[in-house]
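These are the residues of each chain, in order.
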Amino acid sequence: MRKDLFGALLQCEPLFVNKEVMRPAYTPDFLPHRDAQTDQLASILVAALRGDTPSNVFIYGKTGTGKTAVARYVGKELIKKGEDLDRRVHFIYINCEVIDTQYRVLQNIANHFVKEWKDRVPFTGWPTDEVYAKLKTNIDAEGGVTVIILDEVDKLKGDEVLYNLSRINSDLVRAKVSIIGISNDLKFTEFLDPRVRSSLGEEAMIFPPYDADQLKDILYQRAEEALKPDVVSEGVIPLCAALAAQEHGDARRALDLLRVAAELAEREGSPGVDESFVRMAQNKIEIDRITEVVRTLPTQSKLVLLATLLGEEHSDGGGLTTGEVYDIYKDLCKASGVDILTQRRITDLVSELDMLGIITARVISKGRYGRTREIQMSTPIDSTKVVLQEDELVAGVMGVKPRKQLRLI
DNA sequence: AATCCACTGGAAAATACGGGCC
DNA sequence: GGCCCGTATTTTCCAGTGGATT
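Residues numbered from 1 in each chain as written. Chains lettered and ligands numbered in written order. Predicted model: local features only at pLDDT ≥ 70, side-chain atom pairs only at ≥ 80, totals over all residues. Heavy atoms only, no water.

A. Just the nonpolar core, in detail. Ranked by internal contacts, the top residues of the largest apolar core, which has 34 residues, are L219, L258, V273 and V278. Elements with a minimum of two residues in this core: α8 (212–226), α9 (236–246), α10 (251–267) and α11 (275–295). Considering each element in turn, this core owes the most residues, 10 residues, to α10. Among all residues touching L258, those that are not within four sequence positions of it are M22, L219, A223, V236, I237 and C240. (Core = buried A, V, L, I, M, F, W, Y, C linked by side-chain atoms within 4.5 Å. Buried < 20%, exposed > 50% of the residue type's maximum accessible area, 1.4 Å probe, protein only. Helix = DSSP H or I, 4+ residues; strand = E, 2+ residues; numbered from the N terminus. Contact = heavy atoms within 4.5 Å.)

B. Quick look at the packing of α9 against α11. Viewed as axis vectors pointing N to C, α9 and α11 meet at an angle of 30 degrees, and their least axial separation amounts to 9 Å. Comparing the axis directions of α9 and α11 gives the class roughly parallel. Read as a crossing pair, α9 and α11 show a hand that is right-handed. Contacts between α9 and α11 pair V236, L239, C240 and L243 from the former with E275, V278, R279 and Q282 from the latter. Taken together, the residues of the contact of α9 with α11 break down into five nonpolar, one polar and two charged. (Axes fitted to C-alpha atoms, helices over the stretch in contact; angles between N-to-C directions. Parallel < 35°, antiparallel > 145°, perpendicular 65-115°, else oblique. Left-handed = near helix turned anticlockwise from the far one by under 90°. Nonpolar A, V, L, I, M, F, W, Y, C, P; charged D, E, K, R; others polar.)

C. The domain arrangement of chain A, seen in detail. For chain A, the assigned domains read domain 1 (34–207), domain 2 (211–293) and domain 3 (297–396). Put simply, the middle of domain 1 and the middle of domain 3, counted by C-alpha atoms, are 44 Å apart. (Domains from an automatic or database assignment.)

D. Main features of unusual backbone geometry. The phi angle at H33 is positive, at roughly 60 degrees, despite the residue not being glycine. Residue placement: H33 occurs in the loop between α1 (5–11) and α2 (35–49).

E. The arrangement of the protein's contact with DNA strand C in detail. Contacts to DNA strand C come from I340, L341, T342, R344, R345, S365, G367, R368, G370 and R371. When atoms of DNA strand C within 4 Å of the protein are sorted by moiety, sugar and phosphate together comprise 65%. The contact in question runs from a base nitrogen of DNA strand C to an N or O atom on the side chain of S365, over 3.1 Å. Here a base oxygen of DNA strand C sits 2.9 Å away from a polar atom, N or O, in the side chain of R371. A breakdown of the residues in the surface near DNA strand C according to their chemical character gives two nonpolar, four polar and four charged. (Near = heavy atom within 4 Å. Polar contact = N/O pair within 3.5 Å; in protein donor to acceptor, adjacent residues only side chain to side chain.)

F. Expanded view of the layout of surface pockets. By volume, the largest pocket amounts to about 670 Å³. Forming the boundary of the largest pocket are 33 residues, of which P24, A25, T68, A69 and R252 lie nearest the centre. Residue assignment for the lining of the largest pocket shows that the elements contributing at least two residues are α3 (67–84), β2 (89–95), β4 (175–183), α8 and α10. For the lining of the largest pocket, a count of residues per class yields 14 nonpolar, 10 polar and nine charged. Among the domains, domain 1 (34–207) and domain 2 (211–293) are the pair contributing at least three residues each to the lining of the largest pocket. (1 Å grid on protein atoms, 1.4 Å probe; cavity = no way out; pocket = protein on both sides within 12 Å on 5 of 7 lines; lining within 4 Å. Points joined across faces, edges and corners; volume = space filled by probe spheres on them.)

G. Up close: α2. For α2, with 15 residues, the first-to-last C-alpha span of 20 Å sits near the 21 Å given by 1.5 Å per residue. The principal kink in α2, of about 35 degrees, is found at S43. When α2 is considered as a whole, its buried residues turn out to be Q37, T38, L41, I44, L45, A47, A48 and L49. Of the surrounding secondary structure, the elements contacted by the buried residues of α2 are β1 (57–61), α3, β2, β3 (144–151), β4 and β5 (203–207). (Expected span 1.5 Å × (residues − 1). Bend = angle between axes of the 7 residues up to and from the residue.)

H. Structural context of the protein's contact with DNA strand B. Close to DNA strand B lie 13 residues; T322, R344, G367, R368 and G370 are nearest. Near-protein atoms of DNA strand B (within 4 Å) split between backbone and bases, with sugar and phosphate holding 59%. Contact between DNA strand B and R368: a sugar or linking oxygen at 2.6 Å from a main-chain N or O atom of the residue. Counting only elements with at least two residues in the surface near DNA strand B, the list comes to α13 (322–336), α14 (343–356) and β7 (371–377). For the surface near DNA strand B, a count of residues per class yields one nonpolar, seven polar and five charged.

I. Up close: the pairing of strand β6 (residues 359–365). Across seven bridges, β6 lies against β7 in antiparallel orientation. When the sheet's bridge partners are listed, T360 is paired in β7 with Q376. (Pairing = 2+ DSSP bridges.)

Dropping the structure here:
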């Protein structure tokens, strides 16, 4: 019987002062290398402080380029200034990945202005147009200018909300609304209704990825706030920055690396973070990602993945062709009693897995012997296997040996 | 230069799924 | 429970395709 389970763990010297600072949700007060974007957005939104309607803005940029941080920061400052000047300025942030239906978006905005519980719009039960009407009366009763940020707009199901929100101003008497859409998909607007596109895209901003030096600055700044002084060795931050810069300059990625590295160091009771922990962190993040992706894969895709995995294990290196994977897949299906999908469909599943980065599939031509894809695992076989094992059905056929096909090559 | 393999990937048709309604 | 309708997935069909081989 261990008496002091947590005691020993608490004895370890913590490396963090404030872990929150390293989390993706944190909005810092200072955004290095984003002055231009901050200024631009602010210059669009000042209109709100003068009581005018600011233009709607569309913000593009890859993940981890500071879109959300800049928008939230400018919003925070806007409210602050609004209070100083005694102007009614509201700022609503909605992440459309979490709140992804028309009803819930409207409900959220409507409830932002409600103080009493009894006046709130319920989660369900109201017709959507009634929520919209309620939203309008609420906003109008409050007056002033409301800035609504829709983060990850591309995740929104259907574009009705966007259409409704973009023309809400014409239905309002006292209040004004402006919308900021944030997306990491540059082609997102192409699929939108032209009317929505033109009204939403009055102003467009593009956030370029950070380069390694800029990432370094960001990391130094955050590390200073989040970690105890002098716990990070010299090369650690440049290494994190360099690794993240390879992955299209994603700041979130860089911060994750540093945070996980520090967490690992802390857990091991190490007095500081050195480069080996960064390597470990990179490994851990990669495995966590694969685990997450593989776990949520549909059964058929798991079988295709397993087929590739087994094929690779039993072949003498080199890539497998689509035909070979399909043969193994068919055996697996028979062994587990799952319907066999057509080869055409498997082609698509293979490209899906390729997109997710679990396998690599490239089209090659074997000349006379046809054109096919060369399929390879791009993840460590063992850890992938462990995750696949979690699925009972898949685990059942794990031991199936791929029949050696008589193929003359 | 012509052939021809073993697929790819587009398109249409068929089927399955889900939610609203009576 | 049954019906309808719109959407999503899967199958069927088929016209390419790159390049080693002839």
